[in-house]
Amino acid sequence: MPDGPAPPPAVQKLRLRYAKRGRLRFSSHRDFQRALERALRRADVPMAYSAGFRPHPKISFANAAPTGTASEAEYVEISLTRRCDPAAVRRALDDSLPPGLDVLQVVEAGAGALADRLEASSWVVELPGTRQSDVETAARALLAREHAPVERLTKNGPRPLDARGPLVSLTVRPPEQDELGPVLELVVRHVTPTVRPAEVLAALEAEGLTLTVPPRSTRLCQGPLVDGRVTDPLGAPV
């Protein structure tokens, strides 16, 4: 341990929900981490720091969405050395972050780990350039399977995954205003490794679906899974 006094202790823990929208969906998790640390300094949030020779702010991220996907439900937990009004912290951080990285909610942390409450995610995936009948046919075939082996390319090479097992529900609906094609609505249980919309789409392609235009995925929510529905992780315990 370095000489000198210990850093001030954390007296409050806040949980933040933020959105990743528009062009900012292409920002990586590391990009957001840097942006948040700068925003915390600009907003003068009294962050708690770790001890040691290289103190760092006590920030804990949970289940970030993959680069290239939008999200309305990303979560992070921060520890403070002075009690602050969560609503004031939300406004200050939102003003300090670029448009497209939007802080939607800040609450006092409850008991237990935030990551343990993120049991599943709800997604919508727009499929421009496809016919709804083709998507529905592939979706029925996928749901009829017990397993759907796919591969994810990692830095260590291909990694086999089962895209069917964590899939709680899969429905197809016609496009609404501003949507360019049929829309998949997915609920995916969080497993290790996490199955992403890209793996579900790969499984649909294995069932004969042809994707000629890149899809656009948005996470709508993530949290406890209750009767097949994803609920709010920042609310009262379910």
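Residues numbered from 1 in each chain as written. Predicted model: local features only at pLDDT ≥ 70, side-chain atom pairs only at ≥ 80, totals over all residues. Heavy atoms only, no water.

> Looking at this structure, I do not really get the overall build of the chain. What am I missing?
Scanning the chain from terminus to terminus reveals 5 helices and 12 strands. For the C-alpha atoms alone, the extent of the chain along its principal axes is close to 65 × 35 × 35 Å. Contacts spanning at least 24 positions in sequence make up 73% of the contacts within the chain whose residues lie at least 6 apart. Of the roughly 12700 Å² of accessible surface on the chain, 51% is carried by carbon and sulfur atoms. Side chains of the chain carry 32 positive and 29 negative charges; the gap between the two charge centres is 5 Å. (Helix = DSSP H or I, 4+ residues; strand = E, 2+ residues; numbered from the N terminus. Contact = heavy atoms within 4.5 Å. Areas by Shrake-Rupley, 256 points an atom, 1.4 Å probe, with all protein chains shown as cover. Lys, Arg positive; Asp, Glu negative; His and termini not counted. Charge placed at Lys NZ, Arg CZ, Asp CG, Glu CD.)

> How should I be thinking about the side chain of His190 in this particular structure?
Looking at the element boundaries, His190 is found in the loop between β9 (183-189) and α5 (197-206). Among the polar contacts made by the side chain of His190, one reaches the side chain of Asn63 at a distance of 3.3 Å. For His190, the side chain forms a polar contact with the side chain of Ser121, separated by 2.7 Å. (Polar contact = N/O pair within 3.5 Å; in protein donor to acceptor, adjacent residues only side chain to side chain.)

> Help me out: how do you make sense of the packing of aromatic side chains in this one?
The geometry of an aromatic ring pair comes down to the distance between the two centres and the angle between the two planes. According to the stated counting rule, one finds 2 aromatic pairs in the structure shown. Between Tyr18 and Phe32, the ring centres sit 3.9 Å apart and the planes meet at 10°, which makes this aromatic pair stacked. Separated by 14 residues along the polypeptide, Tyr18 in strand β1 (residues 12-20) and Phe32 in helix α1 (residues 29-42) bring together distant segments of the chain. Look at Tyr18 and you get buried, because its relative accessible area is 5%. Ring centres 6.1 Å apart and planes at 80° place the aromatic pair Phe32 and Phe61 in the edge-to-face group. (Phe/Tyr/Trp six-rings, centres within 6.5 Å; stacked < 30°, edge-to-face > 60°. Buried < 20%, exposed > 50% of the residue type's maximum accessible area, 1.4 Å probe, protein only.)

> Sorry, what's going on with the nonpolar core here?
One broad rule of soluble globular proteins: the nonpolar side chains tend to lie buried together. Counting residues in each nonpolar core, the largest one holds 24 residues, and the members touching the most others are Leu127, Leu142, Leu167, Leu170, Leu184, Leu186 and Leu204. Of all elements in the fold, only β5 (120-126), α4 (132-143), β8 (167-173), β9 and α5 reach the threshold of two or more residues within this core. When sequence neighbours within four positions are dropped, the list of residues in contact with Leu167 reads Leu142, Leu143, Leu186, Val187, Val188 and Val200. Membership of the second largest hydrophobic core comes to 22 residues, among which are Tyr18, Val45, Leu80 and Val103. (Core = buried A, V, L, I, M, F, W, Y, C linked by side-chain atoms within 4.5 Å.)

> Please explain the packing of α4 against α5 as it appears in this structure.
Between two packed helices, both the angle of their axes relative to each other and the distance between the axes serve to describe the pair. Closest axis-to-axis distance for the α4/α5 pair is 9 Å, and the angle between their directions is 100°. The pairing of α4 with α5 is recorded here as roughly perpendicular in orientation. On the side of α4, the interface is formed by Ala138, Ala139 and Leu142, while α5 contributes Val200, Ala203 and Leu204. Of the residues belonging to the contact of α4 with α5, the class tally is 6 nonpolar, no polar and no charged. (Axes fitted to C-alpha atoms, helices over the stretch in contact; angles between N-to-C directions. Parallel < 35°, antiparallel > 145°, perpendicular 65-115°, else oblique. Nonpolar A, V, L, I, M, F, W, Y, C, P; charged D, E, K, R; others polar.)

> I would appreciate a short explanation of the environment of Thr218 in the present structure.
Positionally, Thr218 belongs in strand β10 (residues 216-223). Sequence-wise, Thr218 and Pro55 are 163 residues apart; in three dimensions their C-alpha atoms are separated by 35 Å. Ignoring sequence-local partners within four residues, the contact set of Thr218 consists of Ala70, Ser71, Ser122, Trp123 and Val124.

> Could you clarify how one ought to interpret unusual backbone geometry in this entry?
The omega angle of the peptide bond from Thr192 to Pro193 is -5°, so this bond is cis rather than trans. Positive phi outside glycine occurs at Asp44, with the angle close to 60°. Within the secondary structure, Asp44 is located in the loop between α1 and β2 (59-62). We classify Asp44 as exposed; its relative accessible area is 62%. Phi is positive for Asn63, close to 55°, though the residue is something other than glycine. With respect to the helices, strands and loops of the structure, Asn63 is situated in the loop between β2 and β3 (70-80).

Interpretation in functional terms is not warranted from these geometric data alone.
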